[in-house]
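# Commentary on secondary and tertiary structure
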Amino acid sequence: MGSLPSHHPSVTTTPKTNSPRLTEHVLLGLGGDPAFIVDLLGDLSEEYTYRSTHDGVYAARLWYGREVVRSTPHVVWNAIRHGTPEARGRLAASILAVAVTFSVLTVAWLTRNGPPASLLVDGGIESDGIIVNNLGPVQISMRVLDAAGHRLERTDVRYQRVSGEPIPVSTRGVTTCTRRGDAIVRASLARLHRDFVIHCEPVQKIRDAGWGNFVVGDPASIFTVDAIGLDGQQVTQIAARLRVEDSTIATLDSSGRLRPLRSGETWIDVEIGDRRAGAFVAVYEPVSTFEGLRPDQRLVVAPIRLARGASIRWPLPTGVFFLTFSADSSEVPPARGFVGMGSSSSPTVQSPVNMTVAGPIMCTRMDESQPGALGAHCLARAPGATLILTYSGSGGPNEIVGSLALERQDQH
Amino acid sequence: MRCSDLSYNLRLMPTATLGALELTTLLAVARLKDEAYGLAIKRDLAARTGRDYSVGALYTTLQRLEDKGLLTSRRSEPLPVRGGRSRRHFTLTGAGSRALREAERHSASIWAGIGKPLRPRLP
């Protein structure tokens, strides 16, 4: 097989610039094999000259750059193989410097800020505006973004009320809601404009946020609060800040749904406008009976199902605790009449559901917190205390379904 | 069929093996004879295999073949032009020639018994 004809058997090998000499010096300093470096740079220079003559300087430069990039790993490997320890150190330092420079430039490029491109309402829970529940002055703020979505720190946004309720809005964006209503406000920055709605819903007070009993494993449920406006009516649009004191017991998601996680008690701070309130949350551990409760089981609840005329007898733990029976059905008449003193007990009033205790235990009936509920505060001094729950009424359904909760008060 | 598609791992010497690029480079040197210098070999490989190997990859391979004793090289006189440089010309050694013959035999042996329909057309 004969040899292929050469493109330019007697090519003129004029160096591109003086840079090959410098490049050669640098590469030799980094430990490259002299023959390898000289041949490689020589070929690059020769081909560059040929290509710049035939294809033009631009195409030749493009080829040269591409070839340098493609050959770099081989040059590095050659320098690693042939270099002295000192040269390898210089090579490592050079690679590190190049890598760091490249990383810094890349990060700087990606995070560079451009001119303002859009204005967004900051802190609004709606896309078209914000809800103001404060009675006092509130600073409106806008997010200024560039085209890449980077947030820009700009304080020169100007505001002006356009229409709607005549609420005062300063050019700096301070507004005071003295009445219920909506106003459209325009934010401006240079040539950028953004119209948005201020929903004025000043809250005068937060009605008792109440409390809630939950059971571990229950699905998440909406946490509700009642906020009252200046006109005495309920406020329908609320921008509330909720914070759970112990988020290992329960959590609140962004849509205000509370999810019980483990048994225990915690507190929820509620902040609406410039008003604050709190809510108590108890999460109970589900059990089938109160028998054999461990000392660390402080909040437990058991399901109750009683046919007419039936009763259950459960042993109770020692110590101080609350007992609460709650019927699930509204058809069940309120459970009334409970007392248990000393070693004997008896219902005080005829009721379809009777809760009594026996043994070394003393209980005091608590006020009903809700219809169909029956509560007692008990002290069991020694083991042997028993709870007796009886459904003996003649009216109502044939069976009652409910739950019995036990909440320990003493420290274990 | 492209030569680079073949993967030869022949044990030529106790410490040397021959890869696909090494084999095609050896063949190019054998073909180019007195004109076997870097750029000429690069063009020959591109023309015959369709692959444009970088200058760095080519010289790494040439250096490896020289280390294995399959090639030897000599420097030419500087070219008679302004700034002319000397080229390094490569020549097949006896071991290199034996390696090529061995590769050919090996190729023939591994294709032996394969019917014509399955056998690719060699260029």
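Let me sum up the structure you'll find in this document. (Residues numbered from 1 in each chain as written. Chains lettered and ligands numbered in written order. Predicted model: local features only at pLDDT ≥ 70, side-chain atom pairs only at ≥ 80, totals over all residues. Heavy atoms only, no water.)

### Let's talk about the overall build of chain A
Tallying secondary structure elements over chain A gives four helices and 28 strands in all. Buried residues in chain A amount to 37% of all 412 residues. Within chain A, contacts between residues at least 6 apart in sequence are counted, and of these 62% link residues at least 24 apart. Per element, the accessible surface of chain A, about 22300 Å² overall, is 55% carbon and sulfur. (Helix = DSSP H or I, 4+ residues; strand = E, 2+ residues; numbered from the N terminus. Buried < 20%, exposed > 50% of the residue type's maximum accessible area, 1.4 Å probe, protein only. Contact = heavy atoms within 4.5 Å. Areas by Shrake-Rupley, 256 points an atom, 1.4 Å probe, with all protein chains shown as cover.)

### Points about the nonpolar core
Across soluble globular proteins, you tend to see nonpolar side chains buried next to one another. By size, the foremost hydrophobic cluster in this structure holds 36 residues, and its most contacted members are B:Leu26, B:Ile41 and B:Leu62. When residues of this core are assigned to their parent elements, the largest contribution, six residues, is made by helix H2 (residues 34–54) of chain A. Membership of the second largest hydrophobic core comes to 30 residues, among which are A:Phe290, A:Ile304, A:Trp314 and A:Ile361. (Core = buried A, V, L, I, M, F, W, Y, C linked by side-chain atoms within 4.5 Å.)

### Observations regarding the sheet that holds strand S4 (residues 142–146) of chain A
All names here are of chain A. Ordered in space as S1-S4-S5, the three strands form an open sheet in which the pairing is antiparallel. Strand pairing shows two members of the sheet lacking a second neighbour, strand S1 (116–121) and strand S5 (151–152), which therefore form its edges. Taken together, the two bridges between S4 and S5 define a ladder with antiparallel strand orientation. Looking at the pairing, Leu145 lines up with Arg151 of S5. (Pairing = 2+ DSSP bridges.)

### Observations concerning the packing of helix H1 (residues 20–32) of chain B against helix H4 (residues 94–111) of chain B
Geometry of a packed helix pair, given as the angle between the helix axes and the separation of the axes. Residue and element names in this part refer to chain B. For the pair H1 and H4, interaxial distance at closest approach is 11 Å and the crossing angle is 120 degrees. Relative to H4, H1 is oriented oblique. Like other packed secondary-structure pairs, H1 and H4 cross with a definite hand, here left-handed. Along its contact with H1, which presents Leu23, Leu26, Leu27 and Ala30, the element H4 presents Gly96, Ala99, Leu100 and Ala103. (Axes fitted to C-alpha atoms, helices over the stretch in contact; angles between N-to-C directions. Parallel < 35°, antiparallel > 145°, perpendicular 65-115°, else oblique. Left-handed = near helix turned anticlockwise from the far one by under 90°.)

### Quick notes on the sheet that holds strand S15 (residues 250–252) of chain A
Residue and element names in this part refer to chain A. Here we have three strands laid out as an open sheet, ordered S12-S16-S15, and antiparallel in their pairing. Looking at which strands have only one partner, the edges of the open sheet turn out to be strand S12 (221–222) and S15. Looking at chain direction, S15 and strand S16 (residues 257–260) are connected through three bridges and run antiparallel. From the neighbouring strand, Leu252 faces S16, where its bridge partner is Leu258.

Keep in mind these numbers describe shape, not what the thing actually does.
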